[in-house]
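Inside the fold
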Amino acid sequence: MTLTLDAARARDAADPLRHKRADFLLPAGKIYLDGNSLGALPRSTPARIARLVTQEWGEDLIGSWNTAGWIDAPRTLGARIAPLIGAAADEVLVTDSTSVNLFKLLTAACLARPGRTTILSEPGNFPTDLYIADGVARTLPDRRLRTLPADDIVTAIDDDVAVVLLTHVHYKSGRRLDMAAITAAAHAQGALVLWDLSHSVGAVPVALGACDADLAVGCGYKYLNGGPGAPAFLYVARALQDALRSPLTGWMGHDAPFAFTDDYRPAPGIARFLCGTPPIVAMGALEQGLAQFDGVDFDTLVAKSQALCDLFVALVDTRCAGFDLTLLSPRDAAARGSHLSYAHPDAYALCQALIARGVTGDFRAPDAVRFGFTPLYTSYEDVWRAVDILADLLATRAWDDPAFRRRVAVT
Ligand SMILES: Cc1ncc(COP(=O)(O)O)c(C=O)c1O
């Protein structure tokens, strides 16, 4: 691999996705490597939100539930996410937050496996996954959360395991788990698997149907570019939908919400996993985030994500050697997602120094700097320039400044 700036520019010139960058409003002079935390703003979003607010809400008022399709938004947006995760249109719903969806599906799955006591997950899974699992185990009788290293999960699944809860691409290491193998091992023991796709969707191949996956959840505000706090999604395999019951039996999941009856009767199919009124303005932003994938060949997107990561690794290997940076992510593209983490003894200060020089990545406690590569808008030149700045900060120790050690609430 040629590692010069000119070579990076030549790769951008040959990139079939290069025109996509102009579809995002990225601030000049900033190298944004945090699209795996908060995706960038699509150029079309502000006008869409303005129209939604002024016309659909302001003029058409309550009629927009029908005329603008508001009431169907959870299903129509779910159907747009489905091809990105290898699911059928009627298996995906946009609703609630990832945390709330975890609670709904984990509880439903536990209740579908009576007599089994264990929820199996991995230590160091994203905190909300572990916290929700802990909450579910405390809420239901005779359940416990057990955590084991990911490599030990397959052999540990036995007939006491109700649900295996794993994140497909680990939020810190970027390691990608083998969905097909883990799902098959769980099914062999009669257990269900719930996948968190927050760091996968929109950046790595996900084949829920082909893997015979049961359940999944994921974020709308990372690679899907739906904006801060965007609604999340959930997936329930068609074969399971009518067998599972959501523990949050809100009226939107009722078979006939506008019949206003006193009894709860779950809707058939995926709609039973709705709870309350959908946040329509936020859904409008997510709709524009999803529109960015229209016409994009997914294999091309994935190949670019892997190539950006490979270039970053190769540049750091050659330009940052000897500066206490240790790659925490897999080198093998097939075994990772679209972000890379590096351990550094002063990762927090290094991260702040990078931000001060225009490179936005993020710090993950206790010692990792994380860089996300969003194939829709990250360029090879971005990667080259980011490592150029990183190498300079390390060589000059410019990060070693009290100003960069001051902690802020969100890192
Ligand atoms: C794996 C994973 N799950 C869930 C979340 C967030 O869940 P929520 O949107 O409910 O805050 C994140 C956020 O970074 C995440 O990385």
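Since this is a predicted model, take the numbers as computed values, not measurements.

Rules and cut-offs
- Residues numbered from 1 in each chain as written.
- Predicted model: local features only at pLDDT ≥ 70, side-chain atom pairs only at ≥ 80, totals over all residues.
- Heavy atoms only, no water.
- 1 Å grid on protein atoms, 1.4 Å probe; cavity = no way out; pocket = protein on both sides within 12 Å on 5 of 7 lines; lining within 4 Å.
- Points joined across faces, edges and corners; volume = space filled by probe spheres on them.
- Helix = DSSP H or I, 4+ residues; strand = E, 2+ residues; numbered from the N terminus.
- Nonpolar A, V, L, I, M, F, W, Y, C, P; charged D, E, K, R; others polar.
- Core = buried A, V, L, I, M, F, W, Y, C linked by side-chain atoms within 4.5 Å.
- Buried < 20%, exposed > 50% of the residue type's maximum accessible area, 1.4 Å probe, protein only.
- Domains from an automatic or database assignment.
- Contact = heavy atoms within 4.5 Å.
- pLDDT = per-residue confidence, 0-100.
- Buried area = accessible area lost by both parts, 1.4 Å probe.
- Pairing = 2+ DSSP bridges.

Topic: the layout of surface pockets
Gaps left between atoms show up when a probe the size of a water molecule is rolled over them. By volume, the largest pocket amounts to about 280 Å³. Phe126, Ser198, Cys219, Tyr221 and Lys222 are, among the 21 residues lining the largest pocket, the residues nearest its centre. Elements supplying a minimum of two residues to the lining of the largest pocket: α5 (98-111) and α6 (127-139). Taken together, the residues of the lining of the largest pocket break down into six nonpolar, ten polar and five charged.

Examining the nonpolar core
Ile85, Val164, Trp195 and Leu208 are the most contacted members of the largest nonpolar core, which totals 56 residues. Put simply, the parts of the chain that give this core at least two residues each are α4 (73-81), β2 (92-94), α7 (150-156), β5 (161-167), α8 (179-188), β6 (192-196), β8 (233-236) and α10 (280-291). Here this core spans two domains, since at least three of its residues come from each of domain 1 (5-42 + 297-404) and domain 2 (47-291). If we skip the residues at most four places from it in the chain, Val164 touches Leu120, Ile153, Ile157, Ile182, Ala186, Leu192, Val193 and Leu194. The next biggest cluster of nonpolar side chains, apart from the first, holds 41 residues, and it includes Leu5, Leu311, Leu393 and Phe404.

Description of the confidence of the model for the protein chain
Chain-level pLDDT for the protein chain is 97 on average; 100% of the residues reach the 70-or-more range. For the protein chain, the element scoring lowest by mean pLDDT is strand β12 (residues 362-364), at 94; strand β7 (residues 215-218) scores highest, at 99.

Details of the domain arrangement of the protein chain
Segmentation of the protein chain into domains returns domain 1 (5-42 + 297-404) and domain 2 (47-291). The C-alpha centroid of domain 2 is placed 29 Å from the C-alpha centroid of domain 1. Residue-level contacts link 33 residues of domain 1 with 22 residues of domain 2. Between domain 1 and domain 2 the total buried area reaches about 2000 Å² when both faces are included, carbon and sulfur atoms providing 55% of it.

Section: the pairing of β8
Across a regular strand the side chains alternate sides, sitting on one face of the sheet and then on the other. Every second residue of β8 is oriented toward a common face, with Phe233 and Tyr235 on one face and Leu234 and Val236 on the other, all of them buried. Two strands pair when backbone bridges link them, and β2 and β8 are joined in this way by three bridges, in the antiparallel orientation. Bridging across to β8, Val92 finds its partner in Tyr235. Sheet topology places β7 next to β8; four bridges connect them, and they run antiparallel. The residue of β8 that forms the bridge with Leu215 is Val236.

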